[in-house]
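Structural overview
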Amino acid sequence: MQYKAVIFDLDGVLVFTDKYHYLAWKKLADRLGIEFTQKDNDRLRGVSREESLNIILEKYHGDPISDDKRKEYLKEKNDTYRESLGGMTRDDVTKEVRATLKKLREKGYLLAIGSSSKNTSYILERTELTDAFDAVSDGTMITRSKPDPEVFLKAAELLGMEPESCLVVEDADAGVTAAHAAGMDAAAIGTATLSGRADYNLTAFEDLLGILE
Ligand code: B16
Ligand code: MG
């Protein structure tokens, strides 16, 4: 077997919290009079909360914003986002995703999360996914977010695996770059398939079963 472990991005791969990120950033951007579209939102996939705010503020042309104000904006966005997460349940994970994870485990693969999100534990709890993984590497454990490889290297370390034994599943271009920088192959789903930079493009989540025999 070429791979022994699979590291999954969370937002945009296992759960569709990307729509909640969009709505929470949009609420803040509207209040500040900044244009923010779905296309702008695609640039925020996989990147940290702080870096996301920097990207949104590229279109802000008012007075300089103090560090305290930035912290306030980050808290405001996260509060709105957490409110949406509070409504998530087991049903926010598709049967296809759950069945595929189960089959991969039965085949003997180790499974981990590699997410930039500091809300990872909360999302896994809400959706009853925690027990599906052997390790969780997330935004609370790293100092540099994707496209830096840190979150995936941490996941491999927690699993006790060499990077070349791990396949990363990602919806973000930044995540594909991070996987390659970690020395791992990447399977893209959704937006990340468009650049053609990943080693595999998935049309459906269960296509993973064809790659991981
Ligand atoms: P939080 P992923 C990423 O999750 C999101 O794609 C990205 O939009 C978000 O800014 C980042 O998490 C941080 O999230 O504000 O919850 O800490 O795709 O790496 O699972
Ligand atoms: Mg993602």
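Above this text you will find the structure in question.
No experiment lies behind these values; they were computed from the predicted model shown. (Residues numbered from 1 in each chain as written. Chains lettered and ligands numbered in written order. Predicted model: local features only at pLDDT ≥ 70, side-chain atom pairs only at ≥ 80, totals over all residues. Heavy atoms only, no water.)

1. A word on the overall build of the protein
Looking only at helices and strands, the protein has 9 helices and 6 strands in total. A buried classification covers 52% of the 213 residues belonging to the protein. Measuring between centres, the 29 positive side-chain charges of the protein sit 3 Å from its 39 negative side-chain charges. (Helix = DSSP H or I, 4+ residues; strand = E, 2+ residues; numbered from the N terminus. Buried < 20%, exposed > 50% of the residue type's maximum accessible area, 1.4 Å probe, protein only. Lys, Arg positive; Asp, Glu negative; His and termini not counted. Charge placed at Lys NZ, Arg CZ, Asp CG, Glu CD.)

2. Here's the deal with the sheet that holds strand β5 (residues 185-189)
Overall, parallel pairing links the 6 strands, which are arranged β3-β2-β1-β4-β5-β6 in an open sheet. Each edge of the open sheet carries a strand with a single partner, namely β3 (135-137) and β6 (200-202). Geometrically, the sheet is characterised by an average inter-axis angle of 25 degrees between neighbouring strands, direction not taken into account. Looking at chain direction, strand β1 (residues 5-8) and strand β4 (residues 166-170) are connected through 4 bridges and run parallel. Residue pairing for β4: Phe8 is matched across the bridge by Val169. Along the sheet face, helix α8 (residues 173-181) touches β4 and β5 and points at about 165 degrees away from the line of β5. (Pairing = 2+ DSSP bridges. Axes fitted to C-alpha atoms, helices over the stretch in contact; angles between N-to-C directions. Contact = heavy atoms within 4.5 Å.)

3. Describing unusual backbone geometry
Across the junction of Lys146 and Pro147, the peptide omega takes the value 20 degrees, indicating a cis bond. Inspection of the secondary structure assignment puts Pro147 in the loop between β3 and α7 (150-159).

4. Examining the pairing of strand β2 (residues 110-114)
The element β2 is largely enclosed, with a buried count of 4 among its 5 residues. Summarising the sheet, β1 and β2 pair through 4 bridges and their orientation is parallel. Note that in β2 the partner of Ala5 across the bridge is Leu110. Where β2 and β3 come together, 3 bridges link them in parallel fashion. Opposite Ile113, over in β3, you have Val136 as the bridge partner. In this fold, the crossover linking β2 to β3 by way of helix α6 (residues 120-126) has right-handed handedness. (Right-handed = clockwise from strand over helix to strand, strands pointing away.)

5. Topic: the site of ligand 1
Around ligand 1 lies a shell of 18 residues, among which Asp11, Arg49, Ser115, Ser117 and Asn119 are the nearest. Here Ser52 contributes a side-chain N or O atom positioned 3.4 Å from an oxygen atom of ligand 1. Ser115 has a polar side-chain atom sitting 2.7 Å from an oxygen atom of ligand 1. Protein contact buries 98% of the 470 Å² of open area that ligand 1 shows by itself. For the shell around ligand 1, the residue count by class is 4 nonpolar, 8 polar and 6 charged. (Near = heavy atom within 4 Å. Polar contact = N/O pair within 3.5 Å; in protein donor to acceptor, adjacent residues only side chain to side chain. Areas by Shrake-Rupley, 256 points an atom, 1.4 Å probe, with all protein chains shown as cover. Nonpolar A, V, L, I, M, F, W, Y, C, P; charged D, E, K, R; others polar.)

6. Quick word on the coordination of the magnesium ion (ligand 2)
The protein atoms that coordinate the magnesium ion (ligand 2) are Asp9 (OD), Asp11 (O) and Asp171 (OD), at distances spanning 2.1 Å. Each donor residue of the magnesium ion (ligand 2) lies on one chain, and together they are spaced D-x1-D-x159-D. Taken together, the positions of Asp11 in the loop between β1 and α1 (18-32) and Asp171 in the loop between β4 and α8 put the pair 160 residues apart, joining distant regions of the chain. Judged by its relative accessible area of 2%, Asp171 falls in the buried class. (Donors = N, O, S within 2.8 Å, 3.2 Å for Na, K, Ca; no water.)

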